[in-house]
Amino acid sequence: GRNAFTAPPLTNLDLRFSKRFKIGERVKLQMLFEFFNIFNRKNPAAVQNQINIIGQEFGKATQVLPGREGQFGFRIEF
């Protein structure tokens, strides 16, 4: 029937730390730490949606999203 299959599970947790510093009367500096996919899970980006003769299983993840990533940044407000 329709919608009889489910995709592999998706688990994702992102985290952001920021701190704002006041520099002078009008200028503010913000420091950022951002982390994506904290648990480093293999989350599906593409799922096999056709039955073929090669032997890949229907509903199996064929591509995954990137693993744990992080970035650091500055922001100046005036």
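These remarks concern the structure in this document. Note that this is a predicted model, so its numbers are computed, not measured.

All right, on to the overall build of the protein then. When its secondary structure is counted, the protein shows zero helices and five strands. Helices and strands in the protein line up, N terminus first, as β-β-β-β-β. The buried share among the 78 residues of the protein stands at 10%. Within the protein, contacts between residues at least 6 apart in sequence are counted, and of these 50% link residues at least 24 apart. On the protein, roughly 6,900 Å² of surface is accessible, and the fraction owed to carbon and sulfur atoms is 55%.

Below, the discussion takes up the pairing of strand β2 (residues 27–36). By the bridge criterion, nine bridges tie strand β1 (residues 15–23) to β2 in an arrangement that is antiparallel. Bridge assignment links Phe17 to a residue of β2, and that residue is Phe33. Hairpin geometry of β1 and β2 is characterised by an intervening segment of three residues between the two adjacent antiparallel strands and by a positive phi of about 75 degrees at Gly24. Pairing of β2 with strand β5 (residues 69–77), which is carried by nine bridges, proceeds in the antiparallel orientation. Its bridge partner lying in β5, Glu34 is registered against Gln71.

Further remarks concern the packing of aromatic side chains. Counting across every chain of the model gives two aromatic pairs. Centre to centre, the rings of Phe33 and Phe72 are 4.7 Å apart; their planes meet at 40 degrees, and the pair counts as tilted. Taken as a pair, Phe33 in strand β2 and Phe72 in strand β5 lie far apart in primary sequence, 39 residues in all. For Phe72, a relative accessible area of 47% gives the class partly exposed. Summarising the aromatic geometry, the rings of Phe72 and Phe74 are spaced 5.1 Å apart at their centres and angled 80 degrees between planes, so their arrangement reads as edge-to-face. Owing to a relative accessible area of 54%, Phe74 belongs among the exposed residues under this scheme.

Once that is clear, we can look at the sheet that holds β1. Pairing within the open sheet is antiparallel, and its three strands lie in the order β1-β2-β5. At either end of the open sheet lies a strand with only one pairing partner, and these are β1 and β5. Across this sheet, the average inter-strand angle for adjacent strands is 10 degrees, counted without regard to direction.

Cut-offs and rules
- Residues numbered from 1 in each chain as written.
- Predicted model: local features only at pLDDT ≥ 70, side-chain atom pairs only at ≥ 80, totals over all residues.
- Heavy atoms only, no water.
- Helix = DSSP H or I, 4+ residues; strand = E, 2+ residues; numbered from the N terminus.
- Buried < 20%, exposed > 50% of the residue type's maximum accessible area, 1.4 Å probe, protein only.
- Contact = heavy atoms within 4.5 Å.
- Areas by Shrake-Rupley, 256 points an atom, 1.4 Å probe, with all protein chains shown as cover.
- Pairing = 2+ DSSP bridges.
- Phe/Tyr/Trp six-rings, centres within 6.5 Å; stacked < 30°, edge-to-face > 60°.
- Axes fitted to C-alpha atoms, helices over the stretch in contact; angles between N-to-C directions.

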